[in-house]
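Topology and contacts: notes
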Amino acid sequence: MNIRLTNNFENAHQGAFSYGDVNNKTLLVDSVSTDHPSYYKRKLYDGGLQISYYNDYIAIRSQTSVQHLNDTYEVDQDGSPKNLYFAIQSEKQRLISEEIILKGLDDNIYGWNFGVFAFNHGIDRATDVFMNLRTPKYKLEKRYDDYSRGIALFHQSTLNITSKLRVEAGLRYDYEKANSIHEEHKIIESEAQLINDFDSPLTFSQWTPKASLQYLPTHQSQFYLTVAKGYKTGGFNTVFDTPLQRTFEPEYSWNYELGSKGWIIPEKLFAEVALFCINTYNQQIKQHLDQQGIKIFNAGSSVSQGFEATLNATPFKNFGIDVAYGFTHATFTKYQYSNDIDYSGKFLPFVPRNTVSVNADYTIHTTNEFSDEISFNANYTGIGVMFWHESNTVQQPFYGLLNTSVTARNGNVSFSLWGKNITNTQYLGYFFEVGGRKRGKQGKPLSVGISLTLNF
């Protein structure tokens, strides 16, 4: 029997929402100028209790998790030096979940596992929007009392047909009940006028199967084919134009993957390659509403297909290098936005066409009194091309970031000197259009720092 208790507490107070006008030619943020400082405060607690028991025949594991989140943010919504719109939002979340898995250990021919998962999630949210543009000035008070509760049952079986051929099949059933109580008041001086009042219950349920065929020519290599159904529940929007936009529906997908992995040179060179295709239906898409925020709506169907390849090499002792590349071609197959606008055939936003990663580590073992070992690390990541909107009118070109670090370790103490984006590459970290303006946030520039870590 093993018992593991984990606790984590985080307290953050930071600047936020540094959005500025984007230059049409350079696609970079020209300047950020607001009359209200924007910030984000967060207090977060995560706790977990895991209890595991096993014998020669079965293993059972229980995972209990608790999360408490209190956060507040202030944002200058008009993003200008003028005192037009300003918002304050606070949120309290309480989440508790429980998962129990029972697994058979005698799996020479047949292996199995059963599981159950349940959760209870409550959110209390308050949003105040100060409207200083009009006369008389007024404030919108929005209050949300949301909760969701759910339970899932799942099972997976594994059948070893031969020593080299294996079949896996699984099935999961999810049931969730959610509700949102929303009130919105318009307040002029001390007089409050009720604008919106909703009590919106939703219920979701879904079966999601999965099947996999695996061929193992050796103990160090594998070929596989996997088919699985994906599912994402619907939910509630905090901003909307009409009552019908108050909620959004579930999203579904069918996922196909064909791949292979194994050692090309034992203990020296490991390779993995996978082809994938994802057909998504009733897809959930985010959209900005002028001076209000983001809403989610369902936008038809899409297909994402591509491949991923990875190489892990250890050419000599204490030195390792990992190289990964991914290509994705993701487009809408059906997306009629309005009577006049059809995004069918357009690329999905926020999905990079190419992703590249190269990571190298080298460690020197020392015998002096200051350190036991010194590690050198260099990492390069590349992303792009990526579109910021379904219209595909604005794109983020391919860019690469180079990061490095040097770490000295002595017993339980580690000291690191690091640099991120050391070439000071300029790129957009986020982009959106609102009120006819192109707005964005600059990507993080060159930064250097030191880290001290103590392990107990």
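Scroll up a little and you will see the structure.
Only a predicted model underlies this, so the values are computations on that prediction, with no experimental measurement involved.

Scanning the protein for helices and strands turns up 0 helices and 28 strands. Based on the C-alpha atoms only, the size of the protein along its principal axes is roughly 75 × 55 × 50 Å. Within the protein, buried positions represent 36% of all 456 residues. Of the contacts formed within the protein by residues at least 6 apart in sequence, a portion of 61% connects residues at least 24 apart. Element-wise, carbon and sulfur atoms account for 56% of the exposed surface of the protein, whose accessible area totals about 26400 Å².

Let us look at the sheet that holds strand S27 (residues 437-442). Spatial strand order, S3-S2-S27-S26: 4 strands in an open sheet with antiparallel pairing. Two strands bound the open sheet, and with one partner strand each, they are strand S3 (29-31) and strand S26 (428-434). Neighbour-to-neighbour, the strand axes of this sheet turn through a mean angle of 45 degrees, independent of strand direction. Judged from the 2 bridges that link them, strand S2 (residues 20-22) and S27 form a sheet pairing that is antiparallel. Across the sheet, the residue bridging to Gly20 is Gly440, located in S27.

Residues Met1, Ile3, Leu5, Leu49, Ile51, Tyr53, Tyr57, Ile58, Ile60, Ile100, Leu102 and Phe114 make up a contiguous nonpolar surface patch of about 1100 Å² in total accessible area. Taken together, the elements giving at least two residues each to the nonpolar patch come down to strand S1 (2-15), strand S4 (39-54), strand S5 (58-75) and strand S6 (85-104). With respect to the helices and strands, the residue Leu5 is situated in strand S1.

Let us look at the pattern of salt bridges. Side chains that differ in sign of charge can pair as their charged atoms come close. Enumeration according to the criterion identifies 12 salt bridges in this entry. Note that Asp128 and Arg143 form a salt bridge whose closest N and O atoms lie 3.1 Å from each other. Pair noted here: Asp128 is in strand S7 (residues 110-131) and Arg143 is in strand S8 (residues 138-160), with a separation of 15 residues, a long-range link. Residue classification places Asp128 among the buried residues on the basis of a relative accessible area of 16%. In this structure, Lys139 engages Glu141 in a salt bridge whose closest nitrogen and oxygen atoms are separated by 3.2 Å. Taken together, the shared-partner salt bridges connect Asp128, Lys139, Glu141 and Arg143 into one network.

By the definition in use, this model includes 28 aromatic pairs. Seen from their ring centres, Phe316 and Phe319 are 5.1 Å apart, and the 15 degrees between their planes marks the pair as stacked. Accessibility expressed as a relative area gives 45% for Phe316, which makes it partly exposed. Ring geometry for Phe347 versus Phe387: centroids 5.5 Å apart, planes at 10 degrees, classification stacked. Pair noted here: Phe347 is in the loop between strand S19 (319-334) and strand S20 (354-365) and Phe387 is in strand S22 (residues 386-387), with a separation of 40 residues, a long-range link. Here Phe387 falls in the buried class, since its relative accessible area comes to 9%. Connected via pairs of aromatic rings, a cluster forms that spans Phe17, Tyr19, Tyr73, Phe350, Trp388, Tyr430 and Phe432. Sitting over the ring of Phe297, Lys295 keeps its end group 5.6 Å from the ring centre. The ring of Phe347 carries Arg353 above its face, with NZ or CZ at 4.4 Å from the centroid.

Moving on: the side chain of Ser148. You can see Ser148 is positioned in strand S8. With residues near it in sequence (within four places) discarded, Ser148 still touches Phe119, Asn120, His121, Glu176, Lys177 and Ala178.

Time to look at the side chain of Asn354. Looking at where Asn354 falls in the secondary structure, it is placed in strand S20. Looking at Asn354, the relative accessible area reads 19%, which means it is buried. A polar contact is formed between the side chain of Asn354 and the side chain of Tyr325, at a distance of 2.5 Å. Leaving out residues up to four positions away in the same chain, Asn354 has contacts with Tyr325, Gly326, Phe327, Gly382, Ile383, Gly384, Val385 and Phe398.

In this structure, the amide linkage connecting Gly384 to the following residue, Val385, adopts the cis form with an omega of -10 degrees. Within the secondary structure, Val385 is located in the loop between strand S21 (373-384) and S22. In the Ramachandran plot, Asn421 falls in the positive-phi region, its phi being about 50 degrees despite a non-glycine side chain. For Asn421, the location among the structural elements is in the loop between strand S25 (413-420) and S26.

Here is what the cut-offs are and how they apply
- Residues numbered from 1 in each chain as written.
- Predicted model: local features only at pLDDT ≥ 70, side-chain atom pairs only at ≥ 80, totals over all residues.
- Heavy atoms only, no water.
- Helix = DSSP H or I, 4+ residues; strand = E, 2+ residues; numbered from the N terminus.
- Buried < 20%, exposed > 50% of the residue type's maximum accessible area, 1.4 Å probe, protein only.
- Contact = heavy atoms within 4.5 Å.
- Areas by Shrake-Rupley, 256 points an atom, 1.4 Å probe, with all protein chains shown as cover.
- Pairing = 2+ DSSP bridges.
- Axes fitted to C-alpha atoms, helices over the stretch in contact; angles between N-to-C directions.
- Patch = residues over 30% accessible without salt bridge, like charges linked within 9 Å, V, L, I, M, F, W, Y side chains within 5 Å.
- Salt bridge = Lys/Arg side-chain N within 4 Å of Asp/Glu carboxyl O.
- Phe/Tyr/Trp six-rings, centres within 6.5 Å; stacked < 30°, edge-to-face > 60°.
- Lys NZ or Arg CZ within 6 Å of the ring centre and 35° of its normal.
- Polar contact = N/O pair within 3.5 Å; in protein donor to acceptor, adjacent residues only side chain to side chain.

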